[in-house]
Amino acid sequence: MTVLPRRIARVRPHDSASNDEHFFVASDAATSDDTSGQTWTVTGSPFTGSRANASSPFRAGWQVGSTVTEDSFRFLAPSVPANVLGLAHNTGAPGRALPTQAFHKASTSVVGPGDAIEIAQGMTHVDPEAELTIVIGTEARGLTLENARSAVLGFTIGNDVTCRDLQKSDELWISAKSQDTFTPAGPWIAVGLDDADLGISIVHNGKSLAPASTADLGWNVDEILVYASAFMTLHPGDLILTGFPAETAALSPGDNVVCRIEGIGELANPVVESPWPGAGVAPKV
């Protein structure tokens, strides 16, 4: 079992009166499975220079250095990203034979642990994909294999929810992957994690699907960072989903999906019907 040196999470107090309020907390415990792992220390934002990821103003009991417990807050998505990228066809070694290709996921598609994934009427095939997700810690451009890790704060779990129907009709995949709620992420950032060979799997409605490993990905973390930073500036809080090599199962309203990555933990989300009909289908005029 991989030992997790440190966790950082973005959280909101349960009694918060604002959906914009958030704080960062840290723990040296590997998991939240025991009492020590459920006690966190309030810390400053790990995303230096990011206005979106600055901690909220003063709140009693939530100053840097204060101790808080998990029963006093809820976990949010680990950052407010400017950019969310995914890697196309990075499901195994055969992907290396194809050109490296990123796709965009709207930052507005990001939701946190426990938030609902919304599937619109007419979507007949929507898949979850549990992916090791890079959390960028500092502004970076033109990274090399030698310094790529300097841009990494840590890793979280990302669920690259994808509507296969729309993927067939939208060659840019925007409507297939950028629907509201289609990028659950969390529950925290694993700092100092060795990502070379971590188990990846999905539990769909209580059934464990066939697992795989980060070692099965065609393009590794360093190569992905070099590729992405060659054409765009990466910003603190940005998320890069690295690919899904394991088994998946189509989602329907009423389902529950859990994404698991060894050394990080679990990201669980319910599935509901979207209040927005016909999402991604252009009207005929």
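The structure displayed is predicted, hence computed values, not measured ones.

Asks: Hey, could you go over the overall build of the protein for me, with residue numbers and the actual values?
Replies: Within the protein one finds three helices and 20 strands. In terms of C-alpha radius of gyration, the protein reaches 18 Å, essentially the compact-globule figure of 19 Å for 285 residues. By the burial criterion, 54% of the 285 residues in the protein qualify as buried. Counting contacts in the protein only where the partners sit at least 6 residues apart, residues at least 24 apart contribute 73% of the total. The positive charge centre, built from 17 side chains, and the negative charge centre, built from 32, are 4 Å apart in the protein.

Asks: An account of the side chain of T214 is needed here, citing residue identities and associated values.
Replies: Residue placement: T214 occurs in the loop between strand 17 (212-213) and helix 3 (221-231). Of the polar contacts made by the side chain of T214, one reaches the backbone oxygen of D195; its length is 2.7 Å. Each residue touching T214, except ones within four places of it in the same chain, is listed here: L132, D195, A196, D197, L198 and I200.

Asks: Residues and numbers for the nonpolar core, please.
Replies: If you look at the biggest cluster of nonpolar residues, it comprises 59 residues, and the most contacted ones within it are I134, L225, I240 and I264. If you count residues domain by domain, this core takes at least three from each of domain 1 (6-75) and domain 2 (84-273). Apart from residues lying up to four places away in sequence, I240 is in contact with L85, L87, L132, T133, I134, I136, I224, L225, A228 and L234. One finds F47, V110, A185 and L239 within the second-largest nonpolar core, a separate group that totals 13 residues.

Asks: Report on the pattern of salt bridges, specifying residues and quantitative values.
Replies: In the structure shown here, the tally under the stated rule is 12 salt bridges. Two residues, D28 and R6, come together in a salt bridge whose shortest N-O distance is 3.0 Å. Linking D28 in the loop between strand 2 (23-27) and strand 3 (39-43) with R6 in strand 1 (residues 6-13), this pair joins segments that are 22 residues apart in sequence. Take D28: its relative accessible area is 58%, and that puts it in the exposed class. For R6, a relative accessible area of 31% translates into the label partly exposed. With a shortest N-O distance of 2.7 Å, R260 and E266 are connected by a salt bridge. The class of R260 is partly exposed, set by a relative accessible area of 34%. Several salt bridges share partner residues, and in doing so they unite D15, E21 and R59 into one network.

Asks: Residues and numbers for the packing of aromatic side chains, please.
Replies: Under the counting rule described, the total for this entry stands at 10 aromatic pairs. Pairing F103 with W173 gives two aromatic rings, centres 5.5 Å apart and planes at 55°, and the pair type is tilted. Of this pair, F103 sits in strand 7 (residues 102-105) while W173 sits in the loop between helix 1 (164-169) and helix 2 (174-177), and the two are 70 residues apart along the sequence. Here the aromatic cluster, defined as three or more aromatic residues joined through ring pairs, consists of F23, W40, W62, F73, F75 and W188. Lying across the ring of W188, R7 places its NZ or CZ 4.4 Å from the centre. One cation-aromatic arrangement involves R96 over W219; the distance from NZ or CZ to the ring centre is 4.4 Å.

Asks: I'd like a rundown of the pairing of strand 7, residues and numbers included.
Replies: Along strand 7, the buried face is formed by F103 and K105; none of A102 and H104, which line the opposite face, is buried. Pairing of strand 6 (residues 84-87) with strand 7, which is carried by four bridges, proceeds in the antiparallel orientation. In the strand pairing of strand 7, V84 is matched with K105.

Asks: Would you mind going over the domain arrangement of the protein in detail, with residue names and values included?
Replies: Partitioning the protein into domains gives domain 1 (6-75) and domain 2 (84-273). Domain 1 and domain 2 are separated by 24 Å when their C-alpha centres are compared. At the interface, 13 residues of domain 1 touch 13 residues of domain 2. The largest contributions to the domain 1 side of the interface with domain 2 come from I8, F47 and F75, which together make up 47% of the buried area. Connecting domain 1 to domain 2 are one salt bridge. Summed over the shared surface of domain 1 and domain 2, the number is three residue pairs in polar contact (both at pLDDT 80 or more). Secondary structure elements with two or more residues in the side of domain 1 that touches domain 2: strand 1 and strand 5 (73-75). The element best represented in the side of domain 1 that touches domain 2 is strand 1, accounting for four residues. Classifying every residue of the side of domain 1 that touches domain 2 gives six nonpolar, four polar and three charged.

Cut-offs and rules
- Chains are numbered independently. Their residues run from 1 in the order of the written sequence.
- Owing to the predicted nature of the model, reporting of local features is limited to residues with pLDDT of at least 70; listing and counting of side-chain atom pairs is limited to 80 or more, with chain, interface and lining totals taken over all residues.
- For side-chain calculations, the full set of non-hydrogen atoms in the structure is used, while hydrogens and water are omitted.
- Secondary structure is summarised from DSSP: a helix means a run of H or I of at least four residues, a strand means a run of E of at least two, and numbering begins at the N terminus for each.
- Here the globule rule reads 2.2 Å times residues to the power 0.38, and the radius of gyration is calculated from C-alpha atoms.
- Whether a residue is buried, partly exposed or exposed follows from its accessible area with a 1.4 Å probe, protein chains only, as a fraction of its type maximum: under 20%, in between, or over 50%, in that order.
- By definition, residues are in contact when any of their heavy atoms lie within 4.5 Å.
- His residues and chain termini do not enter the charge count, which takes Lys and Arg as positive and Asp and Glu as negative.
- For this purpose, a charge sits on NZ of Lys, CZ of Arg, CG of Asp or CD of Glu.
- For this analysis, a polar contact is any N or O atom pair within 3.5 Å, provided that within protein one partner can donate a hydrogen and the other can accept it, and provided that sequence-adjacent residues contribute only side-chain to side-chain pairs.
- Definition of nonpolar core: a set of buried residues of the types Ala, Val, Leu, Ile, Met, Phe, Trp, Tyr and Cys, connected through side-chain atoms within 4.5 Å.
- The domain boundaries here were taken from an automatic or database domain assignment.
- Salt bridges are identified by distance alone: a Lys or Arg side-chain nitrogen within 4 Å of an Asp or Glu carboxyl oxygen.
- By convention, a stacked pair of Phe, Tyr or Trp rings (six-membered ring in the case of Trp) has centres within 6.5 Å and planes under 30 degrees apart, an edge-to-face pair has planes over 60 apart, and any other such pair is tilted.
- Charge-over-ring placement is defined geometrically: NZ (Lys) or CZ (Arg) within 6 Å of the ring centre, and within 35 degrees of the ring normal.
- DSSP bridges decide pairing: two strands pair if at least two such bridges lie between them.
- Summed over both partners, the accessible area lost on bringing two parts together, with a 1.4 Å probe, is the buried area.
- The residue classification treats Ala, Val, Leu, Ile, Met, Phe, Trp, Tyr, Cys and Pro as nonpolar and Asp, Glu, Lys and Arg as charged. All others, Gly included, are polar.

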